[in-house]
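Single-letter residue listing:
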Amino acid sequence: YTMILDDRHEVVFCHSPGTALEADNALRGVSWLSLLPAEDRPEGLRVLASVADGRRANLTTHHVDAQGNIRWFDVIASPISDGTRRTMLVARDITHQKASEAHALWMARHDPLTGLPNRTVLQDEVEARLAQDVHDCPSALLLVDIDNFKIINDTLGHDAGDALLCTFAERLAGAVGPQGLVSRTGGDEFALLVPAARPADIDRTGEQLDASLREPFLYDGRLLECSASIGASVLHEDGATRSEVMKSA
């Protein structure tokens, strides 16, 4: 869209391609800052201050349309050199670019097959919890390795192996709940961070995981047996660094 603001930063002209003229006219006399989300208004003030000093400035902001969709815009503000102290705003829709950036960021921190956080996320979280006082966030690290995964891949194919991995991911997440972190660290290996105020908490979580993972799963009309090996370590007690904790588990 293109807007012109008067010296009070109110809209005197607006044109949005594909928008009815009445909708554009309805914005006349409206403060531009009031059109911004509350969190972007301080940045909007910075932009207006730059324009008042005769400089161009820009900001990235968003708008929620009538259908509830979020649209992102890169807005360039320029002073109009005619002595009226008016401002011209030209906004470029960058919604697609924002979505691509968000997807790339998600892909960098998640496993594309299961959708679980990846090893990078796990390592960051382990180090963050080790940096905390042991009493603030008592946690255990559980490493889970699917038994005989190669046999399933070799006899039934990689599609069956992928289905097994996704089934394990769902069952691990369901057993741990929202208080834990479940990640896929590679191949047939998963890692979990779970609350563990007492040793009994680790035993209980391990038993829940073992029972859930041993349930047969259905693939291509066949029930397949599956199980996993689980190792555990307690943060701070079994290591003071990420590598020590993971080695202990």
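Residues numbered from 1 in each chain as written. Predicted model: local features only at pLDDT ≥ 70, side-chain atom pairs only at ≥ 80, totals over all residues. Heavy atoms only, no water.

Colleague: What's the story with the layout of surface pockets in this structure? I'm lost.
Modeller: One way to see where empty space is left: roll a probe the size of a water molecule over the atoms. A volume near 160 Å³ is recorded for the second largest pocket. Together, Ala175, Val176, Gln179, Val194, Pro195, Asp201, Arg204, Thr205 and Gln208 line the second largest pocket. Listing elements by their share of the lining of the second largest pocket, those giving two or more residues are α7 (158-176), β8 (189-195) and α8 (199-214). Broken down by element, the residue count for the lining of the second largest pocket peaks at four residues, all from α8. When its residues are assigned to classes, the lining of the second largest pocket shows four nonpolar, three polar and two charged. (1 Å grid on protein atoms, 1.4 Å probe; cavity = no way out; pocket = protein on both sides within 12 Å on 5 of 7 lines; lining within 4 Å. Points joined across faces, edges and corners; volume = space filled by probe spheres on them. Helix = DSSP H or I, 4+ residues; strand = E, 2+ residues; numbered from the N terminus. Nonpolar A, V, L, I, M, F, W, Y, C, P; charged D, E, K, R; others polar.)

Colleague: What is the right way to look at the sheet that holds strand β11 (residues 228-234) in this model?
Modeller: Note on sheets: strands pair through backbone hydrogen bonds, and any given pair is parallel or antiparallel. Pairing is antiparallel in the open sheet, where four strands are placed in the order β7-β8-β6-β11. Bordering the open sheet on either side are β7 (181-186) and β11, each of which pairs with just one other strand. Across this sheet, the average inter-strand angle for adjacent strands is 20 degrees, counted without regard to direction. Summarising the sheet, strand β6 (residues 139-146) and β8 pair through seven bridges and their orientation is antiparallel. Looking at the pairing, alanine 140 lines up with valine 194 of β8. Seen against the sheet, α8 touches β6, β8 and β11 and runs at an angle of roughly 165 degrees to β11. (Pairing = 2+ DSSP bridges. Axes fitted to C-alpha atoms, helices over the stretch in contact; angles between N-to-C directions. Contact = heavy atoms within 4.5 Å.)

Function cannot be read off these values alone, since they describe shape.
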